[in-house]
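Architecture and fold: a report
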Amino acid sequence: MKIDNSLPLEYSTEENSLKILGFWIFLGAEIMLFATLFATYFTLENRTGSGPTGAEIFVITPVLLETFLLLTSSFTVGLGIHAMRIGKQKAMISFFSITLLLGLAFLGVEIFEFVTYVHEGAGIQTSAFTAALLTTLGTHGAHVTLGLFWGLFIILQVKKRGFTPQTTNKAFIFSLYWHFLDVVWIFIFSFIYLKGMM
């Protein structure tokens, strides 16, 4: 395995560069998944039947809290990658841990929000609108949940093995995934919540 020391460690081998390229291609497929969910949501958002509308169930406070938590976690994962690139293992692990705690808090607020919706009569079978809404939010939440486990395994690997071409590559790919989830959330915040409250 030939290591190119002129590149950051996560890009330092041909295999690593190809894995990062492969992950960008995977994110393209993820974009199509969420694009399909958004298209379905926009088609069904006015089909509320006898159930509540978005304006009746959306509350800005938890949504702003979720947005703050996720955007802050994107910042901390970026700080973690910076710490990794300058060889600060403890700092990298700390920033990744903070990222996961913020992600966990985000999930907690989202679960509370789901329970509130169901309590207010907006379950997945209430109307086409609530089905599309809860499916879109639930898919994003499932991705965050996966990310929490993934990030935890990366922290454990870095603790055990330190910074190697493999561990840095995995950490960098995880950071791309986490940033992607934040971008999807910005679309959810803007085009589902804010539009729905108007």
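Residues numbered from 1 in each chain as written. Predicted model: local features only at pLDDT ≥ 70, side-chain atom pairs only at ≥ 80, totals over all residues. Heavy atoms only, no water.

**Brief notes about the overall build of the protein chain**
When helices and strands are tallied, the protein chain shows six helices and zero strands. When its helices and strands are written in sequence order, the protein chain yields α-α-α-α-α-α. Residues counted as buried form 46% of the 198 residues belonging to the protein chain. Put simply, 80% of the contacts in the protein chain that link residues at least 6 apart link residues at least 24 apart. Of the accessible surface of the protein chain, which amounts to about 10,100 Å², a share of 71% is contributed by carbon and sulfur atoms. Averaging the locations of the 11 positively and 12 negatively charged side chains of the protein chain gives two centres separated by 15 Å. (Helix = DSSP H or I, 4+ residues; strand = E, 2+ residues; numbered from the N terminus. Buried < 20%, exposed > 50% of the residue type's maximum accessible area, 1.4 Å probe, protein only. Contact = heavy atoms within 4.5 Å. Areas by Shrake-Rupley, 256 points an atom, 1.4 Å probe, with all protein chains shown as cover. Lys, Arg positive; Asp, Glu negative; His and termini not counted. Charge placed at Lys NZ, Arg CZ, Asp CG, Glu CD.)

**Regarding the packing of aromatic side chains**
Within this structure, the stated rule accounts for 17 aromatic pairs. With a centroid separation of 6.4 Å and 65° between ring planes, the pair formed by Phe 58 and Phe 129 is classed as edge-to-face. Here Phe 58 is found in the loop between helix 2 (54-57) and helix 3 (60-85), whereas its partner Phe 129 is found in helix 5 (residues 128-161), with 71 residues between them in sequence. The same class applies to Phe 58 as to Phe 129, namely buried. (Phe/Tyr/Trp six-rings, centres within 6.5 Å; stacked < 30°, edge-to-face > 60°.)

**Comments concerning the pattern of salt bridges**
Within this structure, the stated rule accounts for two salt bridges. A salt bridge links Glu 15 to Lys 19, with the shortest nitrogen-to-oxygen separation between them at 2.9 Å. Placement of both Glu 15 and Lys 19 in helix 1 (residues 14-44) is noted, with a separation of four residues, approximately one turn of the helix. For Glu 15, a relative accessible area of 45% corresponds to the partly exposed category. (Salt bridge = Lys/Arg side-chain N within 4 Å of Asp/Glu carboxyl O.)

**Thoughts on the nonpolar core**
Formed by 51 residues in total, the largest nonpolar core has its most connected members in Phe 58, Met 92, Phe 96, Tyr 117 and Leu 133. Counting only elements with at least two residues in this core, the list comes to helix 1, helix 3, helix 4 (89-119), helix 5 and helix 6 (165-197). (Core = buried A, V, L, I, M, F, W, Y, C linked by side-chain atoms within 4.5 Å.)

**Here's the deal with helix 6**
For helix 6, with 33 residues, the first-to-last C-alpha span of 47 Å sits near the 48 Å given by 1.5 Å per residue. By the largest-angle criterion, Phe 189 marks the main kink of helix 6, which is about 25°. (Expected span 1.5 Å × (residues − 1). Bend = angle between axes of the 7 residues up to and from the residue.)

**Points about the side chain of Glu 66**
Here Glu 66 lies in helix 3. In this structure Glu 66 is buried but unpaired, with Lys 195 as the nearest side chain of opposite charge at 18 Å. Here the side chain of Glu 66 touches Glu 110 through a polar contact of 3.5 Å, landing on its backbone nitrogen. Excluding anything up to four places from it in sequence, Glu 66 contacts Phe 106, Val 109, Glu 110, Glu 113, Trp 185 and Tyr 193. (Polar contact = N/O pair within 3.5 Å; in protein donor to acceptor, adjacent residues only side chain to side chain.)

**Digging into the packing of helix 3 against helix 6**
Two elements in contact, helix 3 and helix 6, have axes separated by 10 Å at closest approach and are oriented at 160°. When the interaxial angle is binned, helix 3 and helix 6 end up roughly antiparallel. Of the two elements, helix 3 crosses helix 6, and the hand of that crossing is left-handed. Its residues assigned to classes, the contact of helix 3 with helix 6 comprises 19 nonpolar, seven polar and three charged. (Axes fitted to C-alpha atoms, helices over the stretch in contact; angles between N-to-C directions. Parallel < 35°, antiparallel > 145°, perpendicular 65-115°, else oblique. Left-handed = near helix turned anticlockwise from the far one by under 90°. Nonpolar A, V, L, I, M, F, W, Y, C, P; charged D, E, K, R; others polar.)

**Regarding the environment of Phe 189**
On the secondary structure map, Phe 189 appears in helix 6. The exposure class assigned to Phe 189 is buried, which follows from its relative accessible area of 15%. Taking the C-alpha atoms as reference points, Phe 189 and Ile 60, separated by 129 residues in sequence, lie 9.8 Å from one another. Apart from the residues lying within four places of it in its own chain, the contact partners of Phe 189 are Val 63, Leu 64, Thr 67 and Leu 194.

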